[in-house]
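So you can see what is in the structure, the chains are spelled out below.
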Amino acid sequence: MEADNLRKHLQQYTFRENNGKILRYVNMMKPKESTVGNIRFLMQGETPEDLVNSLNYLTEAGYIRVKGPKGEPFPGQIDDTSKGYSLSLTAAGMELLMGVQESPAVDV
């Protein structure tokens, strides 16, 4: 049972850490546009599933906006068609980075 507990804590930590990395990367890329493809490249060590989980969470929590070339919403998967989707921070995302707000699921 200890191995399962350890694995669960490690997954939670990785999720929090990935969320923070994505927010920082999107912020650092300004004023240039940040894309799903850029994030995928910068976080090569992470699985596509982990990245999708983080992007979906950050979008649903209102910390980032992800939109396609024609304004379509993020499809919830990372593949060749979603690489060009742009990412931008919301006001809530900036507040997290500035330390005005805190989130138990984001390690900034």
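Residues numbered from 1 in each chain as written. Predicted model: local features only at pLDDT ≥ 70, side-chain atom pairs only at ≥ 80, totals over all residues. Heavy atoms only, no water.

1. Topic: the environment of Arg 24
Next up, step 1: Within the fold, Arg 24 resides in helix 1 (residues 2-29).
Next up, step 2: Arg 24 sits 52 residues away from Gly 76 along the chain, and the two C-alpha atoms are 21 Å apart.
Next up, step 3: Once residues lying within four places of it in the same chain are set aside, the contact partners of Arg 24 are Leu 97, Asp 107 and Val 108. (Helix = DSSP H or I, 4+ residues; strand = E, 2+ residues; numbered from the N terminus. Contact = heavy atoms within 4.5 Å.)

2. Some remarks on the environment of Lys 70
Next up, step 1: Inspection of the secondary structure puts Lys 70 in the loop between strand 2 (64-67) and strand 3 (86-89).
Next up, step 2: Residues Lys 70 and Tyr 85, spaced 15 residues apart in sequence, show a C-alpha to C-alpha distance of 9.3 Å.

3. Structural notes on the pairing of strand 2
Next up, step 1: The two faces of strand 2 differ: Ile 64 and Val 66 on one face are buried, but Arg 65 and Lys 67 on the other face are not.
Next up, step 2: Where strand 2 meets strand 3, four bridges bridge the pair, whose relative direction is antiparallel. Across the sheet, the residue bridging to Ile 64 is Leu 89, located in strand 3. (Buried < 20%, exposed > 50% of the residue type's maximum accessible area, 1.4 Å probe, protein only. Pairing = 2+ DSSP bridges.)

4. A word on the sheet that holds strand 2
Next up, step 1: Read from one edge to the other, the open sheet built from three strands follows the order 1-3-2, with strand pairing classed as antiparallel. Each of the sheet's edge strands pairs with one partner strand only, and the pair in question is strand 1 (34-35) and strand 2.
Next up, step 2: Bridge count for strand 1 against strand 3 is two bridges, and the pairing is antiparallel. Within strand 3, the position partnered with Thr 35 by the bridge is Ser 86.

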